[in-house]
Amino acid sequence: MGVKLGILGLGTVGLGTVQLLQDLVGRNPLLQEIEIYRVGVRSLAKIRDVELPADVLTTDLEAIVNDPAVDIVVELIGGLEPARSLILQALNNGKHVVTANKAAIARFGAEIFTTANQAGVYVMLEAAVGGGIPVIQPLKQSLSVNRIHTITGIVNGTTNYILTRMQTEGSNFSDVLADAQRLGYAEADPTADVDGLDAADKIAILASLGFNGRINLEDVYSEGIRQVSKTDITYAEKLGFVIKLLAIAKQDTNSSPLSVRVHPTLVPKAHPLASVNGVYNAILIEGEPIGQVMFFGPGAGAGATASAVTSDIMNLVAVLKTSTTNPNPLLTCGHQDYCEIAPIAELVTRFYARFLTKDQPGVIGKLGTCFGNYGVSLESVVQTGFQGGLAEIVVVTHDVREGDFRQALAEIQNLAAIDSIPSLLRVL
Ligand SMILES: NC(=O)c1ccc[n+]([C@@H]2O[C@H](COP(=O)([O-])OP(=O)(O)OC[C@H]3O[C@@H](n4cnc5c(N)ncnc54)[C@H](OP(=O)(O)O)[C@@H]3O)[C@@H](O)[C@H]2O)c1
Ligand SMILES: N[C@@H](CCO)C(=O)O
Ligand code: NA
């Protein structure tokens, strides 16, 4: 037994990690060097599906990060505090850290990585994005010789699970959310999943790695899936699209600002991300010279996430066995400068919009004129249904600057014939 782990948290991911580490047949032999030395929890009374010696479990998490015997701290409690303080204490005590906590990394990454660099230790976060899918290490290493242009991901398992079931079964949003919570996909507070904040944290982390700079989380535009209705899913289907919550980071030229955003998006059915269903995640990375590469796999859940956490632990075991005075630049985070992010009004994209209008002659013409006034060109206009005596009109635009589209919509909203605009979605 060589390397001592102090694991903080024994919930979905913590339990999955301990179970993996207690069942080593057929896995990398380096894992045999690991000792589960301490595990920190909130409640000692809770019945857990794992056997650990009585002196391993503790509620004193500070004692774990301050224990000189601990080599690696594995932070799996989630949330901002005390996670941030415990990570910083561990680093200041010279311990490497593995974390699955995208919320803390996306907000406090600058402080955490600066502390790690000063202390000469590593922070590993493969589980923080894409659950079990290897995407952090590939971006840091295998793909880092490329100039990255675009990262497009389905990076939240909970919302993808909900949208998939709404689409295939016509299920209701809240029933499916309850299932996602029961299956361990959702965050303790599922608001972060449903409102796109978890995906925003993840795309901020991916963008930082892909575009070599820090990302200010406040600059990341995010919309969740609460407003996506069965009606829109049905219209999208008829028009040849599926609706996905996409997280996108894009840079048009090497010197232009980044666009970093999360929103429900109509994805053409033939696009590789359109068939990523259920709790699966996928991240499509486009760069030069590689072209397109897509990572696909389980984005959440105990076993899948434990795979990512344990691979990080294993990398650190290898580091601890290698004696070197200089940090490995492929494992550290060297970003010092912030990326410039373009405001959402400058985004150029296609839009889908659904209008409820009075059933009068000339309404479609008036819509077309307002759009025309702001240079918005329409790709398709469909009027199929009626709702409560109102006509339902769906339009899909060609590429348009978001600011221009919003100005046209403001004018349309004031037309006497327009009742409401229940949906507005971007199209990939
Ligand atoms: N679930 C997933 O599929 C998934 C996937 C990727 C990443 N993640 C990330 O992994 C982390 C853990 O998620 P999870 O789903 O495993 O969470 P979870 O099931 O809620 O487990 C949290 C664990 O941390 C302990 N804990 C929380 N706050 C504590 C405190 N203040 N003091 C002591 N113990 C505390 C809890 O103790 P008790 O058991 O005693 O209550 C519990 O064991 C989060 O950062 C999450 O975003 C999760
Ligand atoms: N709640 C997250 C867990 C994985 O990070 C999700 O649904 O994707
Ligand atoms: Na991952």
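Being a predicted model, the structure only gives us computed values, none of them experimental. (Residues numbered from 1 in each chain as written. Chains lettered and ligands numbered in written order. Predicted model: local features only at pLDDT ≥ 70, side-chain atom pairs only at ≥ 80, totals over all residues. Heavy atoms only, no water.)

**Re the coordination of the sodium ion (ligand 3)**
Coordination of the sodium ion (ligand 3) by the protein comes from Glu-126 (O), Glu-126 (OE), Val-129 (O), Gly-131 (O) and Ile-133 (O), over a distance range of 2.3 to 2.8 Å. When the donor residues of the sodium ion (ligand 3) are listed from N- to C-terminus, their spacing reads E-x2-V-x1-G-x1-I. Both residues of the pair, Glu-126 and Val-129, belong to the buried class. (Donors = N, O, S within 2.8 Å, 3.2 Å for Na, K, Ca; no water. Buried < 20%, exposed > 50% of the residue type's maximum accessible area, 1.4 Å probe, protein only.)

**Some points on the packing of aromatic side chains**
Within a pair of aromatic rings, the relevant descriptors are the distance that separates the centres and the angle that separates the planes. Counted under the stated rule, the structure contains five aromatic pairs. Both rings, one in Phe-371 and one in Phe-405, keep their centres 5.7 Å apart while their planes meet at 10°; by these two values the pair is stacked. Separated by 34 residues along the polypeptide, Phe-371 in helix α12 (residues 363-373) and Phe-405 in helix α13 (residues 402-413) bring together distant segments of the chain. Three or more aromatic residues joined by ring pairs form one cluster here, namely Phe-351, Phe-355, Phe-371 and Phe-405. Sitting over the ring of Tyr-37, Arg-38 keeps its end group 4.5 Å from the ring centre. Positioned over the ring face of Tyr-235 is Lys-238, at 5.5 Å from the centre of the ring. (Phe/Tyr/Trp six-rings, centres within 6.5 Å; stacked < 30°, edge-to-face > 60°. Helix = DSSP H or I, 4+ residues; strand = E, 2+ residues; numbered from the N terminus. Lys NZ or Arg CZ within 6 Å of the ring centre and 35° of its normal.)

**Comments concerning the sheet that holds strand β4 (residues 72-75)**
Overall, parallel pairing links the six strands, which are arranged β3-β2-β1-β4-β5-β6 in an open sheet. On the outer flanks of this sheet lie β3 (57-58) and β6 (123-124), each paired with one strand and no other. Where strand β2 (residues 34-40) meets β3, two bridges bridge the pair, whose relative direction is parallel. If you follow Val-39 over to β3, its bridge partner there is Leu-57. Packed on one face of the sheet, helix α3 (residues 83-92) meets β1 (3-8), β4, β5 (96-99) and β6 and runs near 150° to β5. (Pairing = 2+ DSSP bridges. Contact = heavy atoms within 4.5 Å. Axes fitted to C-alpha atoms, helices over the stretch in contact; angles between N-to-C directions.)

**Section: the site of ligand 2**
Among the 13 residues in the neighbourhood of ligand 2, the closest are listed as Lys-102, Gly-157, Thr-158, Tyr-185 and Glu-187. Backbone polar atom of Tyr-185 to a nitrogen atom of ligand 2: 2.7 Å apart, as the coordinates give it. Asp-193 has a polar side-chain atom sitting 2.8 Å from a nitrogen atom of ligand 2. Considering ligand 2 on its own, with 260 Å² of exposed area, one finds that the protein chains cover 94% of that surface. For the shell around ligand 2, the secondary structure elements donating two or more residues are α6 (157-169) and α9 (197-211). When grouped by side-chain class, the residues that make up the shell around ligand 2 number four nonpolar, four polar and five charged. (Near = heavy atom within 4 Å. Polar contact = N/O pair within 3.5 Å; in protein donor to acceptor, adjacent residues only side chain to side chain. Areas by Shrake-Rupley, 256 points an atom, 1.4 Å probe, with all protein chains shown as cover. Nonpolar A, V, L, I, M, F, W, Y, C, P; charged D, E, K, R; others polar.)

**A look at helix α10 (residues 230-239)**
Residues of α10 that are buried: Asp-232, Ile-233, Tyr-235 and Ala-236. Seen along its axis, α10 keeps its buried residues to an arc of 165°; they face one direction. Looking one or two residues beyond α10, the residue adopting positive phi is Gly-240, at roughly 95°. (Arc of directions from axis to C-beta.)

**A short note on the pattern of salt bridges**
Taken as a whole and judged by the stated rule, the model has 24 salt bridges. Linking Asp-198 and Lys-102 is a salt bridge whose minimum nitrogen-to-oxygen distance equals 3.5 Å. Pair noted here: Asp-198 is in helix α9 and Lys-102 is in helix α4 (residues 102-119), with a separation of 96 residues, a long-range link. The same class applies to Asp-198 as to Lys-102, namely buried. A salt bridge links Arg-165 to Glu-169; its shortest N-O distance comes to 3.2 Å. Taken together, the residues Arg-165 and Glu-169, both in helix α6 and four residues apart, mark about one turn of the helix. Accessibility expressed as a relative area gives 48% for Glu-169, which makes it partly exposed. When salt bridges that share partners are traced, they join Lys-102, Glu-187, Asp-198 and Lys-202 into one network. (Salt bridge = Lys/Arg side-chain N within 4 Å of Asp/Glu carboxyl O.)

**Regarding the nonpolar core**
One recurring pattern in soluble globular proteins: nonpolar side chains tend to sit buried together. Formed by 79 residues in total, the largest nonpolar core has its most connected members in Ile-151, Ile-203, Leu-206 and Ile-285. When residues in this core are grouped by element, the largest group, nine residues, is from α9. With residues up to four places along the chain from it excluded, the contact list for Leu-206 reads Val-129, Val-135, Ile-136, Leu-139, Ile-151, Val-155 and Ile-283. Ranked by size, the runner-up nonpolar core spans 29 residues in total, among them Ile-34, Tyr-122, Ile-313 and Val-317. (Core = buried A, V, L, I, M, F, W, Y, C linked by side-chain atoms within 4.5 Å.)

**Considerations on the site of ligand 1**
Residues in close proximity to ligand 1 total 24 residues, the closest being Leu-10, Val-13, Ser-43, Glu-187 and Gly-301. Between ligand 1 and Leu-10, the relevant distance is 2.8 Å, taken from an oxygen atom to a main-chain nitrogen or oxygen of the residue. Measuring from an oxygen atom of ligand 1, one finds a backbone N or O atom of Arg-42 at 3.0 Å. Within the complex, the protein chains bury 85% of what would otherwise be the 910 Å² of accessible surface of ligand 1. In terms of residue class, the shell around ligand 1 is made up of ten nonpolar, nine polar and five charged.

**Here's the deal with the packing of α4 against α9**
Across the interface, α4 lies against α9 with an axial gap of 9 Å and an inter-helix angle of 55°. When the axes of α4 and α9 are compared, the pair comes out oblique. α9 is crossed by α4, and the crossing has left-handed handedness. Facing Lys-102, Ala-103, Ile-105, Ala-106 and Arg-107 of α4, the residues of α9 in contact are Asp-198, Asp-201, Lys-202 and Ile-205. (Parallel < 35°, antiparallel > 145°, perpendicular 65-115°, else oblique. Left-handed = near helix turned anticlockwise from the far one by under 90°.)

The values reported here are purely geometric and, on their own, carry no functional implication.
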